[in-house]
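Spelled out, the chains give:
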Amino acid sequence: MQEQNAYYLNQIYSQNMQERQQTGRIRKCLTHTFGCQMNERDSEILFGFLEQMGYEKTDVEAEADLILFNTCCIREKAESKVLSQLGELKKLKQQKPDLIIGVCGCMMQQKGMADMVRVSAPHVDLIFGTHNLHHFPEYIYNLYQGKGKQIAIVDKEEAVQEGLPSYRDDRFRALVNIVYGCNNFCTYCIVPYVRGRERSRRQADIVQEVKDLVADGVVEITLLGQNVNSYGLDLADGTTFAGLLRELNEIEGLRRIRYMTSHPKDLTEELVKTIAESSKVVDHFHLPVQSGSTRVLGLMNRRYTKEDYLKRVELIRRYMPDAAITTDIIVGFPGETEEDFLETIDLVKQVKFDSAFTFIYSRRTGTPAARMEDPVTLDEKKERLQRLNDVLSQIGRGINDRLQDTVVEVLVEGPSKTNADMLTGRTTTNKTVIFAGDPSLIGQIVNVTVTEAQTWVLKGALAE
Ligand code: SAH
Ligand code: SF4
Ligand code: F3S
């Protein structure tokens, strides 16, 4: 695989360089990345390939010679966004016929979707899915060779690929895949259909990658998996997530280890203990609960009850009383009654989440829940979402208020999105802190005094 790719990459690079010498044209590329960090990571790999082809990155669509849409299909909204943005490119393609437009990612991996895009967006040159990302150089090569539209979707996942290039925007933090795919088949969720079965990377490969990243200046890593807690189980050689964390915790120069996402059913006492004992593993659990109703959890195939979940939370509080707990919640799952919803509100109040991502259920074709009766109106679901969010913000505010005047450790990430004169960063509990400081602090861990607690962010000042 790597040898073939090296050939394609070389050929494309030479052609681009020749063109650059003759005409002065520097080919530029741009990616629209939708969805979760899995997709962000995949886009880094695609950029890595593009860099090796001699492309430069741009943020301006009109300047781009190659535009990729790395798509998500977790909810309907994500899909409609892609389709409308894709439609808008028709004009640009007419003005610039040699513009390459590609669509990849989870949405393309769904049955019939590639065909739908091929027909409805004839200006698209390239379509591929999540399982053949590493064949990207070949598809571009074929386009350069004038072989016409490239449409390549494979149904079956291939073995884990190591040694792919990657391009990262930040020097001080990095996303690291540890397990691909998902075996859980929650009844509402499309991910297992578009990302395939669980495949873990070898622990030695992950550790080596992290060491290389640290040597490169990275201080914070985020380990990625749909369910990191089941990392290693498919390798059947004794590898576990707890074992991986223990080894990564020993890497000198690494400061923080984040991970996403934990499935509550696999959160064991051994794992919580390991996290508590590993000083670099952050004080933050993102533990999606989805619903507080045991009946709904059963329909969702989550394989835990409300009480099971509360026990996991107790476990966390016992070993790490100061850890933040955040979650994902779906309202309006098919057949969710007012009583079910009140169970969710009750659970939220008992746990006191620091924050939560909340979603209205979105019907995904091909999933079991799509065939369930869903009598509750969208208006009613919207109203439930509003009530839930009100409760969550009250609780979030209460938790943040207690941080007023305390000193927190912040990894500085960059200029604040809302005020470019300020810096933004995050605490080990994943809270965003905004404060005045010199941009040279970006990438460093600094002490900040919280001067004003707000519902979802903390304002602060550099502490001496
Ligand atoms: N693997 C992660 C979740 C990945 S998807 C986990 O199991 O925790 C991120 C979130 O999107 C989910 O936690 C869920 O809350 C939400 N989600 C997934 N499918 C959805 C759907 N069909 N409608 C609405 N929200 C959905
Ligand atoms: Fe989807 Fe459930 Fe897998 Fe998460 S664990 S990706 S919600 S099927
Ligand atoms: Fe979306 Fe695929 Fe992630 S469906 S949420 S981008 S795994």
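Residues numbered from 1 in each chain as written. Chains lettered and ligands numbered in written order. Predicted model: local features only at pLDDT ≥ 70, side-chain atom pairs only at ≥ 80, totals over all residues. Heavy atoms only, no water.

Draft legend 1. Representation of the overall build of the chain within the structure. Looking only at helices and strands, the chain features 13 helices and 19 strands. Taking 2.2 N^0.38 as the reference for a compact globule, 464 residues should give roughly 23 Å; the C-alpha atoms of the chain span a radius of gyration of 23 Å, in line with that estimate. Along the three orthogonal principal directions, the C-alpha set of the chain runs to about 65 × 60 × 50 Å. Taking all 464 residues of the chain together, the buried fraction comes to 53%. Pairs at least 24 residues apart make up 75% of the contacts formed inside the chain by residues separated by at least 6 positions. Only carbon and sulfur atoms are counted for the fraction: they give 48% of the accessible area of the chain, which is about 21100 Å². Side chains of the chain give 57 positive and 66 negative charges; the mean places of these two sets differ by 3 Å. (Helix = DSSP H or I, 4+ residues; strand = E, 2+ residues; numbered from the N terminus. Rg over C-alpha atoms; globule rule 2.2 N^0.38 Å. Buried < 20%, exposed > 50% of the residue type's maximum accessible area, 1.4 Å probe, protein only. Contact = heavy atoms within 4.5 Å. Areas by Shrake-Rupley, 256 points an atom, 1.4 Å probe, with all protein chains shown as cover. Lys, Arg positive; Asp, Glu negative; His and termini not counted. Charge placed at Lys NZ, Arg CZ, Asp CG, Glu CD.)

Draft legend 2. Inspection of the side chain of R302 at higher detail. By the element assignment, R302 lies in the loop between α10 (294–300) and α11 (306–319). At 7.4 Å, D328 is the nearest oppositely charged side chain to R302, a buried residue that forms no salt bridge. Within the structure, R302 has its side chain in polar contact with the side chain of Y304 (distance 3.0 Å). The contacts of R302, once residues within four sequence positions are left out, are C186, Y188, H263, P264, K265, P288, V289, Q290 and L297. (Salt bridge = Lys/Arg side-chain N within 4 Å of Asp/Glu carboxyl O. Polar contact = N/O pair within 3.5 Å; in protein donor to acceptor, adjacent residues only side chain to side chain.)

Draft legend 3. Molecular detail of the sheet that holds strand β10 (residues 220–224). Strand order in the open sheet formed by three strands is β7-β10-β11, and the pairing between neighbours is parallel. Strands at the two margins of the open sheet, each flanked by one partner only, are β7 (173–177) and β11 (256–260). Across the sheet, the mean angle from the axis of one strand to that of its neighbour is 25°, orientation sign disregarded. Relative to β10, β7 runs parallel, the two being bridged by five bridges. Paired with A174 across the bridge in β10 is I221. Packed onto the sheet, helix α7 (residues 203–215) meets β7 and β10 and runs at close to 170° relative to β7. Helix α8 (residues 241–249) rests against β10 and β11 of the sheet, and its axis sits at about 165° to β10. (Pairing = 2+ DSSP bridges. Axes fitted to C-alpha atoms, helices over the stretch in contact; angles between N-to-C directions.)

Draft legend 4. Main features of the packing of aromatic side chains. One pass over the full model with this rule turns up 13 aromatic pairs. Where Y7 meets Y141, the ring centres are 5.8 Å apart and the plane angle is 65°; that geometry is what we call edge-to-face. Of this pair, Y7 sits in helix α1 (residues 2–23) while Y141 sits in helix α5 (residues 136–144), placing them 134 residues apart in sequence. Residue classification places Y7 among the partly exposed positions, given a relative accessible area of 42%. Of the residues examined, Y141 reaches a relative accessible area of 10% and is grouped as buried. Summarising the aromatic geometry, the rings of Y8 and Y141 are spaced 5.0 Å apart at their centres and angled 45° between planes, so their arrangement reads as tilted. Of this pair, Y8 sits in helix α1 while Y141 sits in helix α5, placing them 133 residues apart in sequence. Residue Y8 shares its accessibility class with Y141, and that shared class is buried. Between K57 and the ring centre of F47, over which it is positioned, the NZ or CZ distance is 4.2 Å. In this structure, R75 is placed above the aromatic ring of F359, and the distance from its NZ or CZ to the ring centre is 3.7 Å. (Phe/Tyr/Trp six-rings, centres within 6.5 Å; stacked < 30°, edge-to-face > 60°. Lys NZ or Arg CZ within 6 Å of the ring centre and 35° of its normal.)

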